[in-house]
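Summary of the model geometry
The lines below spell out each chain.
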Amino acid sequence: MTVTQNSKKDHWSSKAYNTSASFVPKLATTVYSYLDPQPTDSILDIGCGDGPLTAQIAGAVSSGRVLGLDASPSMIQTAQKDYAPSKHPNLIFQVADCTKLSKEVPEVLDGSFDKVFSNAAYHWILRNPETRKDVFSDAFKALKPGGSLVFEMGGAGNVAEVRSTIIAALAMHGVLLDEARKADPWFFPSEKWISAMLEDVGFQVERVELEYRPTRLTDHDEGGLEGWVRLFGAQLLETVSELTRAEVVRWVVEVLRSSCQREEDGSWWIGYVRLRAVAKKPQH
Ligand code: BEZ
């Protein structure tokens, strides 16, 4: 998971992420099975966050190598501490804005990777329409001929109830709709959009799928919906003062209680929609 935005501000705290979003890498079974890491693979992980999934991949790639990139220094610092080279010699983590690989880590675009992987990160990375195409053409350049790009991200309609409620809450508290939309940090494309983009940069699309996957949030003590909104909606919440922010978050949680909290056990669920794709760089 990453944020690769225009501003250099690091919105991530690996501690908050581990509390409110600990479920994210655990829900990656399907995309991991599509990656199907082989012992000799070289794999580039885009938006690796604090690295648990990257380390899992490195464990499967005994004689290959894995490079994890993320724009958040906080996340990369935690990954480097938790998965030290002494125990993970084939695994490297590096800070890089994944919208600007050719500027920040041009050596990565040398066509030496068997696979490029990304989980739950592209919806942040693709936020800026102007750099969307670069993100995919860079993945293409990083791959060997015959290599694959395998990823999962939020797809069209992802977390729609929370996204709309936060924007409505901000509007209720005096933020112009246009201003709220500008601060919206996500892009959740459709199958049609992603297929067209992948083909446009030269990939052969092997699989594209959209899955509605309601997801249980952590319990209240571990952050719950409030923790989710504060962590992931930070850029939206920054459109109001800190005092107003507390009121906005309280309002969002109360409005969503009727659609997201289950009566039988008080658990909170939100409507995640996963977009998964596998695309191949042609041999010639
Ligand atoms: C996602 O993984 O789909 C996601 C996570 C946080 C905010 C928005 C989307």
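Residues numbered from 1 in each chain as written. Predicted model: local features only at pLDDT ≥ 70, side-chain atom pairs only at ≥ 80, totals over all residues. Heavy atoms only, no water.

**Focus: the site of the ligand**
- In the neighbourhood of the ligand, the contacting residues comprise Ala120, His123, Trp124, Gly154, Asn158, Trp186, Phe188, Trp228, Phe232, Tyr272 and Arg274.
- Asn158 has a polar side-chain atom sitting 2.7 Å from an oxygen atom of the ligand.
- Separating an oxygen atom of the ligand from a side-chain N or O atom of Arg274 is a distance of 2.6 Å.
- At the level of elements, helix 6 (122-125), helix 11 (224-232) and strand 7 (269-280) are the ones that each hand at least two residues to the shell around the ligand.
- Along the lines of polarity and charge, the residues of the shell around the ligand split into seven nonpolar, three polar and one charged. (Near = heavy atom within 4 Å. Polar contact = N/O pair within 3.5 Å; in protein donor to acceptor, adjacent residues only side chain to side chain. Helix = DSSP H or I, 4+ residues; strand = E, 2+ residues; numbered from the N terminus. Nonpolar A, V, L, I, M, F, W, Y, C, P; charged D, E, K, R; others polar.)

**Remarks on the packing of helix 11 against helix 13 (residues 242-260)**
- At their nearest, the axes of helix 11 and helix 13 sit 10 Å apart, and the two run at 130° to each other. In terms of axis orientation, helix 11 runs oblique to helix 13. Considering the relative orientation of helix 11 and helix 13, their crossing is right-handed. Each of Leu225, Glu226, Val229 and Arg230 in helix 11 lies in contact with helix 13, whose residues at this interface are Ala246, Val249, Val252, Val253 and Leu256.
- In terms of residue class, the contact of helix 11 with helix 13 is built from seven nonpolar, no polar and two charged. (Axes fitted to C-alpha atoms, helices over the stretch in contact; angles between N-to-C directions. Parallel < 35°, antiparallel > 145°, perpendicular 65-115°, else oblique. Left-handed = near helix turned anticlockwise from the far one by under 90°. Contact = heavy atoms within 4.5 Å.)

**Focus on the nonpolar core**
- In terms of nonpolar packing, the biggest core is built from 35 residues, with Leu170, Leu225, Trp228, Val229, Phe232 and Ile270 touching the most fellow members.
- At the level of elements, helix 8 (160-172), helix 9 (177-183), helix 11, helix 12 (234-237), helix 13 and strand 7 are the ones that each hand at least two residues to this core.
- Ranked by residues supplied to this core, first place goes to helix 13 with six residues.
- For Ile270, the residues in contact, after removing those within four places along its chain, are Val159, Glu161, Val162, Arg213, Pro214, Thr215, Leu217, Leu225, Trp228 and Cys260.
- Ranked by size, the runner-up nonpolar core spans 34 residues in total, among them Ala96, Val105, Val108 and Leu126. (Core = buried A, V, L, I, M, F, W, Y, C linked by side-chain atoms within 4.5 Å. Buried < 20%, exposed > 50% of the residue type's maximum accessible area, 1.4 Å probe, protein only.)

**With respect to the side chain of Ser195**
- Its place among the elements puts Ser195 in helix 10 (residues 191-200).
- Apart from residues lying up to four places away in sequence, Ser195 is in contact with Val205 and Val208.

**Details of the packing of aromatic side chains**
- Scanning the model with the defined rule gives 11 aromatic pairs in all.
- Ring centres 5.2 Å apart and planes at 50° place the aromatic pair Tyr122 and Phe136 in the tilted group. Of this pair, Tyr122 sits in helix 6 while Phe136 sits in helix 7 (residues 132-142), placing them 14 residues apart in sequence.
- According to the relative accessible area criterion, Phe136 is buried, its value standing at 0%.
- Taking the centre distance of 5.1 Å and the plane angle of 85° together, the rings of Phe140 and Phe203 count as edge-to-face. Of this pair, Phe140 sits in helix 7 while Phe203 is found in the loop between helix 10 and strand 6 (204-216), placing the two residues 63 residues apart along the sequence.
- Here Phe140 falls in the buried class, since its relative accessible area comes to 18%.
- Here the aromatic cluster, defined as three or more aromatic residues joined through ring pairs, consists of Trp124, Trp186, Phe188, Trp228 and Phe232.
- The ring of Phe113 is capped by Arg65, whose NZ or CZ atom sits 4.3 Å from the centre of that ring. (Phe/Tyr/Trp six-rings, centres within 6.5 Å; stacked < 30°, edge-to-face > 60°. Lys NZ or Arg CZ within 6 Å of the ring centre and 35° of its normal.)

**Comments concerning the state of the cysteines**
- If you walk through the whole model with that rule in mind, you get zero disulfides.
- Take Cys48: it sits in no disulfide, and the sulfur closest to it among the cysteines is that of Cys98, at 7.8 Å. (Disulfide = S-S within 2.5 Å.)

**Some words on the pattern of salt bridges**
- All chains considered together, the criterion is met by 18 salt bridges.
- In this structure, Asp114 engages Lys144 in a salt bridge whose closest nitrogen and oxygen atoms are separated by 2.9 Å. Remark: Lys144 occurs in strand 5 (residues 143-154) and Asp114 occurs in strand 4 (residues 113-119); sequence separation between them is 30 residues.
- With relative accessibility at 18%, the residue Asp114 sits in the buried group.
- On the basis of relative accessibility, which here comes to 33%, the residue Lys144 falls in the partly exposed class.
- Residues participating in the shared-partner salt-bridge network are Glu152, Arg207, Glu209, Glu211, Arg213, Arg274 and Arg276. (Salt bridge = Lys/Arg side-chain N within 4 Å of Asp/Glu carboxyl O.)

**What about the UniProt feature "domain: Methyltransferase" (unreviewed entry) in the protein?**
- The sites that UniProt annotates as "domain: Methyltransferase" (unreviewed entry) are residues 43-147.
- Along residues 43-147 one finds 36% helix and 26% strand; the C-alpha atoms at either end are 10 Å apart. (UniProt positions renumbered as here; feature names shortened; annotations may be inferred.)

**Quick word on the pairing of strand 5**
- For strand 5, the buried fraction is high: 10 of the 12 residues fall into the buried class.
- Across six bridges, strand 4 lies against strand 5 in parallel orientation. From the neighbouring strand, Lys115 faces strand 5, where its bridge partner is Ser148. (Pairing = 2+ DSSP bridges.)

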